[in-house]
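A closer look at the structure
Residue-level listing of the chains:
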Amino acid sequence: MHARTIRRWSVIHTWSSLVCTLFLLMLALTGLPLIFHHELEHLLGEAPQLRELPADSPRLDLQQLVEAAERARPHEVVQYLGWEADEPNGVVTIMAATAGTEPNSSHTFMLDARSGEAVAMPAANGGFMMLMLRLHVDMFAGLPGKLLLAFMGILFVVAIISGVVLYAPFMRRLPFAAVRRDKSTRLRWLDLHNLIGIVTLTWALVVGVTGVISATADLLIEAWRNDTLAAMVAPYRDAPPLTQRAPASDLLQIASQAAPGMQADFIAFPGTRFSSEHHYAVFMVGSTHLTAHLWTPVLIDAQTLAVTAVGTRPWYMDALAMSQPLHFGDYGGRPMQILWAVLDVLTIIVLGSGLYLWWVRRRAPRAALRDEVVA
């Protein structure tokens, strides 16, 4: 590679890294506790605690749970009901003043599926874990914050690629993984920066790309609403406003018949952004590690309870559904969580050492740098 080409790639790597480094340090630091969010929620007392009941306690049907939720928060409406694998007796409930209220203004709690008791979920409405999540997702700035972080993620990917391009000619002069301990502090940190960077390369690319996809979630969901969902509810375009809603009791059975072999992940009630003004939308998932994150929406007429459409998944919604658990290492249980945490810490070292190297190089005389390179 010619010297001029190397200088150009060096400029790209330096400035793409510098612009995004502080944001990436914030994302890496806030992402670390989010990898273990289930464990930390229990440790911090922010996880819902259901009462002990006899093992054979009967479960309420969905309509009874809806009524229990409305009693718990009488001036709000149910937006979503959802299920978590680690709490089979709980139903996550999201409510707000109106069905169309934006997510950050909704209130989340858990209903005991056996008693209908409302149980607080502090981590979903405030506390340390929610602080970490909001900083990581949008920096409390909504869509503009998400788009800014998406741009920083793109710069991160550019910095990784340019770093790989520079690494090849750099390593011609040294054995792989060499750290020149007998040289200056700056050169030792340069070698460590390069070594850790190349070791974490694949992970950093995966996290960077999935982070960009996740940061554009609002835009992808809006595209899905305007495309796939709009086509599914097109026959209702001129229908009069919904005045009465059928009970939700049989929604799970109806959806299971429409999507055999799948199970419900969550239900979007009429008027929310995942449904229409005239439908319940039951989002079904498969039972494998991969298909458990891929949604198939079943639209059910909110008055007649007839299935009106079983949706297909556009590629970008599949990308969104798979990117979020992969971004936080949720696919492989505890071993992957630990691996993700170790790689996250190594990335923090790469980012910090990159800042250090830029600052030292900026302050050092050019002659001294030339002497180091020759040495």
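Above this text is the structure in question.
This section reports on the structure supplied with the text. (Residues numbered from 1 in each chain as written. Predicted model: local features only at pLDDT ≥ 70, side-chain atom pairs only at ≥ 80, totals over all residues. Heavy atoms only, no water.)

**Description of the overall build of the protein**
Helix and strand content of the protein: 13 helices and eight strands. Its C-alpha atoms put the protein at 80 × 45 × 35 Å along the principal axes. Counting over 375 residues, the protein shows a buried share of 43%. In the form shown here, the protein has an accessible surface area of approximately 19,500 Å², with 62% of it arising from carbon and sulfur atoms. The centroid of the 28 positive side-chain charges in the protein is displaced by 21 Å from the centroid of its 31 negative side-chain charges. (Helix = DSSP H or I, 4+ residues; strand = E, 2+ residues; numbered from the N terminus. Buried < 20%, exposed > 50% of the residue type's maximum accessible area, 1.4 Å probe, protein only. Areas by Shrake-Rupley, 256 points an atom, 1.4 Å probe, with all protein chains shown as cover. Lys, Arg positive; Asp, Glu negative; His and termini not counted. Charge placed at Lys NZ, Arg CZ, Asp CG, Glu CD.)

**Some words on the environment of P33**
Within the secondary structure layout, P33 lies in helix α1 (residues 3-35). The residues contacting P33, other than those within four sequence positions of it, are L40, F128, M129 and M132. (Contact = heavy atoms within 4.5 Å.)

**Quick look at the nonpolar core**
In this structure, L251, Y280 and I300 are the most contacted members of the largest nonpolar core, which totals 27 residues. Sorting the residues of this core by element identifies α3 (62-72), β1 (77-82), β2 (90-96), β3 (107-112), α10 (251-258), β6 (279-285) and β7 (296-301) as the ones contributing at least two each. It is α3 that contributes the most residues to this core, five residues altogether. Contact partners of I300, with chain neighbours within four places excluded, come to L251, I254, A255, H278, H279, Y280, V282, L305, A306 and V307. (Core = buried A, V, L, I, M, F, W, Y, C linked by side-chain atoms within 4.5 Å.)

**Observations concerning the packing of α1 against helix α5 (residues 127-137)**
In the contact formed by α1 and α5, the axes pass within 9 Å of each other and the chain directions differ by 140°. If you check the angle between α1 and α5, you find them oblique. Here the hand of the crossing between α1 and α5 comes out left-handed. Side by side, α1 and α5 meet where M26, L27, T30, G31, P33 and L34 of the first sit next to F128, M129, M132, L133, L135 and H136 of the second. The residue makeup of the contact of α1 with α5, split by class, is nine nonpolar, three polar and no charged. (Axes fitted to C-alpha atoms, helices over the stretch in contact; angles between N-to-C directions. Parallel < 35°, antiparallel > 145°, perpendicular 65-115°, else oblique. Left-handed = near helix turned anticlockwise from the far one by under 90°. Nonpolar A, V, L, I, M, F, W, Y, C, P; charged D, E, K, R; others polar.)

**Considerations on the packing of aromatic side chains**
Under the definition given, this model contains 15 aromatic pairs. Ring geometry for W224 versus F283: centroids 6.0 Å apart, planes at 55°, classification tilted. Here F283 lies in strand β6 and W224 lies in helix α9 (residues 217-232), a separation of 59 residues in the sequence. Residue W224 is classed as buried on the basis of its relative accessible area, which comes to 3%. Centroid distance F283 to W295: 6.0 Å. Interplanar angle 75°. Geometry classified as edge-to-face. (Phe/Tyr/Trp six-rings, centres within 6.5 Å; stacked < 30°, edge-to-face > 60°.)

**Description of the environment of A141**
Summarising the element assignment, A141 is placed in the loop between α5 and α6 (142-171). Along the chain, A141 and A230 lie 89 residues apart, while their C-alpha atoms are 28 Å from each other.

**Let's talk about the pairing of strand β5 (residues 263-268)**
Strand residues, when the strand is regular, have side chains that alternate between the two faces of the sheet. For β1 and β5, the ladder comprises three bridges, and the chain directions are antiparallel. Considered in β5, the bridge of Y80 is made with A268. Pairing geometry for β5 and β6, over five bridges, is antiparallel. Bridged to Q263 within β6 is V285. (Pairing = 2+ DSSP bridges.)

**So, empty space enclosed by the protein**
What the rule picks out here adds up to two cavities of 30 Å³ or more. As a volume, the largest cavity reaches approximately 80 Å³. Lining the largest cavity, in full, are W224, F283, L294, W295, P297, T312, R313, P314, M317, D318 and A321. Tallying contributions element by element places helix α11 (residues 315-327) first for the lining of the largest cavity, with three residues. (1 Å grid on protein atoms, 1.4 Å probe; cavity = no way out; pocket = protein on both sides within 12 Å on 5 of 7 lines; lining within 4 Å. Points joined across faces, edges and corners; volume = space filled by probe spheres on them.)

**Concerning the environment of G352**
In this fold, G352 is placed in helix α12 (residues 333-363). Given the relative accessible area of 32%, G352 is considered partly exposed. Taking the C-alpha atoms as reference points, G352 and H193, 159 residues apart in sequence, are found 9.1 Å from one another.

**Looking at the pattern of salt bridges**
Proximity of charged atoms lets side chains of opposite charge pair with each other. Tallied over the entire structure, the rule returns eight salt bridges. A salt bridge links R73 to E76, with the shortest nitrogen-to-oxygen separation between them at 2.6 Å. The exposure class assigned to R73 is partly exposed, which follows from its relative accessible area of 24%. Each of K146, D218 and R273 takes part in one network of salt bridges that share partners. (Salt bridge = Lys/Arg side-chain N within 4 Å of Asp/Glu carboxyl O.)

**Section: the side chain of T272**
Position of T272 relative to the elements: it lies in the loop between β5 and β6. A polar side-chain atom of T272 sits 2.9 Å from the main-chain carbonyl oxygen of F269. A polar contact is formed between the side chain of T272 and the side chain of S275, at a distance of 3.0 Å. (Polar contact = N/O pair within 3.5 Å; in protein donor to acceptor, adjacent residues only side chain to side chain.)

**Brief notes about the sheet that holds β2**
Here eight strands make up an open sheet; going across it, the order is β4-β3-β2-β1-β5-β6-β7-β8 and the pairing antiparallel. Two strands in the sheet have a free side with no partner beyond their single neighbour: β4 (118-120) and β8 (307-310). Recorded for the sheet is a direction-independent mean angle of 30° between the axes of neighbouring strands. Strands β6, β7 and β8 of the sheet are contacted by α9, whose axis makes an angle of about 50° with β7.

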